[in-house]
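As a plain string of letters, each chain reads:
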Amino acid sequence: MPFKHFACRQVDLTIWFIYFASVYRHGREEQNEGKSIVITGCDTGFGFSLAQHLHKKGFRVFAGCLLKDKDGEGSKKLEDMKSDRMVVIQLDVCKDEDVERAVEFVKEHSMDSEKGLWGLINNAGISTFGEVEFTTMKTYKEVAEVNLWGTIRVTKGFLPYIRRAKGRVVNITSMLGRMGNPSRSPYCVTKFGVEAFSDCLRYEMHRWGVKVSIVEPGNFIAGTNLYSPERVKMILEAMWNELPDIVRKDYGKAYFNEQVDKMKSYLESGSADLSVVINDVTHALTSASPYTRYNPMDYYWWLRMQIMTHFPAAISDRIYIY
């Protein structure tokens, strides 16, 4: 056999070996029975669906709900499951005392000092919109307090117990944690921050056997009720009323109203099927070798993200600027 044909065949066999080894390695699952996990933001959306799904997978779920103390609809539905593996806890990720109480409660009801806690899913988050000159510093701080500092606060609280279990941390970010977007800077800033935090944590936790994964959903506004018409109206009215005179004068009400109409058109956009996100989070939590990043999004947004993150800015900027 000519050497070049032999070499090509060897390369082909090597590629196939790597492929099948990867599929096998990432396909093997850990045992779920008896393992406890904490999920934040279980009142609605991804968190609510994750709590139900992972309960079915055999986990003991501690579902953190912002509105448990106010008899929120989501927390009541989870409690109505009447399962000793579904435990709803009050958890405002912005409050140190809430996080401290949650850590103590979970420690007392599911963990001992040796076994620890298997998983933490940082899902709680909020979003808003508005160009930089339309957005107040108060808004930037409010979004960051939940999305960024809340994620860090909860992670630091539970991390010693996850470390003892050689467990998992799964952080829900967004495709907007990888690429900027007009009128979404408060959200982008916080999700970029969670991406950086997750990378640093993954490097540090490697020696302890803790796996840290990032899930970057695409557009699921329709499936998560992220924006309601009432909330959009409230945000827009407050935004216009709080604008400095010079900004109102230079942009004008006509331009502002154009942005209003654009945001309203997004209310029912995106996918209503959350299963791709749920499946990726489940894989990150249960696979023997989870991926570093998951991209549950349709092909349009996946391609767009690749262009924005890998192509020269002179090319990618044409999407928004020209």
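Residues numbered from 1 in each chain as written. Predicted model: local features only at pLDDT ≥ 70, side-chain atom pairs only at ≥ 80, totals over all residues. Heavy atoms only, no water.

Caption draft 1: Expanded view of a nonpolar patch on the surface. A cluster of nonpolar residues, Y299, W302 and L303, forms a patch on the protein surface that exposes about 320 Å² of accessible area. As for its placement among the helices and strands, Y299 is situated in helix α12 (residues 299-310). (Patch = residues over 30% accessible without salt bridge, like charges linked within 9 Å, V, L, I, M, F, W, Y side chains within 5 Å. Areas by Shrake-Rupley, 256 points an atom, 1.4 Å probe, with all protein chains shown as cover. Salt bridge = Lys/Arg side-chain N within 4 Å of Asp/Glu carboxyl O. Helix = DSSP H or I, 4+ residues; strand = E, 2+ residues; numbered from the N terminus.)

Caption draft 2: Geometry of the environment of V210. Relative to the assigned elements, V210 resides in the loop between α7 (185-205) and β6 (211-215). Contacts of V210, omitting those with residues within four sequence positions, involve I162, R163, K166, G167 and M205. (Contact = heavy atoms within 4.5 Å.)

Caption draft 3: How the structure looks around the pattern of salt bridges. With the rule as written, the count across this model stands at 11 salt bridges. Between R178 and E216 there is a salt bridge, with its nearest N and O atoms 3.0 Å apart. On the criterion of sequence distance, the pair formed by R178 in the loop between β5 (168-172) and α7 and E216 in the loop between β6 and α8 (221-224) is long-range, its members being 38 residues apart. You can call R178 partly exposed: its relative accessible area is 25%. The exposure class of E216 is buried, given its relative accessible area of 0%. Among the ionic contacts, a cluster of salt bridges with common partners joins R178, E195, D199, R202, E216 and R293. (Buried < 20%, exposed > 50% of the residue type's maximum accessible area, 1.4 Å probe, protein only.)

Caption draft 4: Representation of the environment of T286 within the structure. If you trace the backbone, T286 turns up in helix α11 (residues 275-286). A sequence separation of 229 residues divides T286 from K57, and the C-alpha atoms of the two residues are 9.7 Å apart. In terms of polar contacts, T286 uses its side chain to reach the backbone carbonyl oxygen of T282, at 2.7 Å. (Polar contact = N/O pair within 3.5 Å; in protein donor to acceptor, adjacent residues only side chain to side chain.)

Caption draft 5: Highlighting the packing of aromatic side chains. Within the structure shown, the criterion is met by 9 aromatic pairs. Where Y300 meets W301, the ring centres are 5.0 Å apart and the plane angle is 75 degrees; that geometry is what we call edge-to-face. Each residue in the set F134, W240, Y251, Y255 and F256 is aromatic and connected to the rest through ring pairs, giving one cluster. Geometry around W240 places R248 over its ring, the cationic atom sitting 5.6 Å from the centre. Directly above the aromatic system of W240 lies the positively charged group of K253, at a separation of 4.9 Å from the ring centroid. (Phe/Tyr/Trp six-rings, centres within 6.5 Å; stacked < 30°, edge-to-face > 60°. Lys NZ or Arg CZ within 6 Å of the ring centre and 35° of its normal.)

Caption draft 6: Region of interest: helix α2 (residues 45-56). Relative to the 16 Å expected for 12 residues at 1.5 Å per residue, α2 spans 17 Å between its end C-alpha atoms, a close match to the ideal helical length. Residues of α2 that are buried: G45, F46, G47, F48, L50, A51, L54 and H55. A positive phi of about 105 degrees marks G58, the residue just after α2. (Expected span 1.5 Å × (residues − 1).)

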